[in-house]
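Structural features, examined
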Amino acid sequence: EPEVTQTPSHQVTQMGQEVILRCVPISNHLYFYWYRQILGQKVEFLVSFYNNEISEKSEIFDDQFSVERPDGSNFTLKIRSTKLEDSAMYFCASGAGTDSYNEQFFGPGTRLTVL
Amino acid sequence: AQSVTQLGSHVSVSEGALVLLRCNYSSSVPPYLFWYVQYPNQGLQLLLKYTTGATLVKGINGFEAEFKKSETSFHLTKPSAHMSDAAEYFCAVTTLGGFQKLVFGTGTRLLVSP
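What you are looking at is a predicted structure, and each value in this text was computed from that prediction instead of being measured.

The next thing to look at is the overall build of chain B. A count of helices and strands for chain B gives zero helices and twelve strands. Taken from N to C terminus, the helices and strands of chain B fall in the order β-β-β-β-β-β-β-β-β-β-β-β. Its C-alpha atoms give chain B principal-axis dimensions of about 45 × 30 × 20 Å. Here chain B holds 114 residues, and 46% of them are scored as buried. Sequence separation of at least 24 residues holds for 56% of the intrachain contacts in chain B that already meet a minimum separation of 6. A total accessible area of about 5,300 Å² is found for chain B, and carbon and sulfur atoms account for 54% of it.

Let us look at the pairing of strand S6 (residues 44-50) of chain B. Across the seven residues that make up S6(B), a large majority, five, are buried. Joining the antiparallel neighbours strand S5 (residues 31-38) of chain B and S6(B) is a turn of five residues, in which Asn41(B) adopts a positive phi near 60°.

This paragraph deals with the state of the cysteines. Residue and element names in this part refer to chain A. For the structure on display, the rule yields two disulfides over all chains. Two residues, Cys23 and Cys92, share a disulfide whose sulfurs are 1.9 Å apart. On the sign convention where negative means left-handed, the S-S torsion of about -65° between Cys23 and Cys92 marks this disulfide as left-handed. Placement of the pair is Cys23 in strand S3 (residues 19-24) and Cys92 in strand S9 (residues 88-95), with a sequence separation of 69 residues. Residue Cys92 is classed as buried on the basis of its relative accessible area, which comes to 0%.

Time to look at the sheet that holds strand S1 (residues 5-7) of chain A. Each strand in a sheet pairs with another by means of backbone hydrogen bonds, the pair being arranged parallel or else antiparallel. Residues and elements named next belong to chain A. The strand order S1-S3-S8-S7 describes an open sheet built from four strands, whose pairing is antiparallel. Each having just a single partner strand, S1 and strand S7 (65-68) make up the two edges of the open sheet. The sheet shows a mean angle of 20° between the axes of neighbouring strands, taken without regard to direction. In the sheet, S7 pairs with strand S8 (residues 75-79) via four bridges, with the strands oriented antiparallel. Opposite Glu68, over in S8, you have Thr76 as the bridge partner.

Here we come to the interface of chain B and chain A. If you look at the interface, chain B gives 20 residues, while chain A gives 21 residues. Roughly 1,800 Å² of surface becomes buried between chain B and chain A when both sides are summed, with 61% attributable to carbon and sulfur atoms. At the junction of chain B with chain A, the criterion picks out two salt bridges. For Glu56(A), the salt bridge goes to Lys101(B), with nearest N and O atoms at 3.2 Å.

Scoring rules and cut-offs
- Residues numbered from 1 in each chain as written.
- Chains lettered and ligands numbered in written order.
- Predicted model: local features only at pLDDT ≥ 70, side-chain atom pairs only at ≥ 80, totals over all residues.
- Heavy atoms only, no water.
- Helix = DSSP H or I, 4+ residues; strand = E, 2+ residues; numbered from the N terminus.
- Buried < 20%, exposed > 50% of the residue type's maximum accessible area, 1.4 Å probe, protein only.
- Contact = heavy atoms within 4.5 Å.
- Areas by Shrake-Rupley, 256 points an atom, 1.4 Å probe, with all protein chains shown as cover.
- Pairing = 2+ DSSP bridges.
- Disulfide = S-S within 2.5 Å.
- Axes fitted to C-alpha atoms, helices over the stretch in contact; angles between N-to-C directions.
- Buried area = accessible area lost by both parts, 1.4 Å probe.
- Salt bridge = Lys/Arg side-chain N within 4 Å of Asp/Glu carboxyl O.

Quick look at the structure:
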């Protein structure tokens, strides 16, 4: 069964460093999303991406964040200069857009730890 | 704006007992409602969804949920808990149209004891 994959599973970085989180969505999907979950808190929407551009972003998704679909398979989230408060689990999701509610399929997540 | 409230960050049941996880939502337009389950070190897996039609929806692993518009609720139930049901459960809401970001509740950890 097709699934969304994410790498790495765990990333440790120093404050101020750049990190790139990678996702491989399900191959025929057209809608892509990033969510994050700070430990003990709710899963929060960051950004949605369709047709090679951002379709919606939350107030969390400031200038330090960017997304890219560099080729036909990967979808990346970049944080330019990490802060302690960026430590969280980051989930990628994709959807086919073929049904009215656009079911989203989630990857296993990347745990980002900023020291 | 939409929001979801899940009452109880932890719910403990004995194996074989009824499972009831509560979810209330707020939405100014007809909602689409979801329950996701997260097992340790895994991603979010869709358990069940309500979009339109029948208000009692059945999902995987014997779970079901009932959409009650008058109560703005979408509680998750299972008649008899199994040890394998121990996980984190998230209720989420979205609406028709747009790119349909999901708005999640804070999650409920289900603990099942022998």
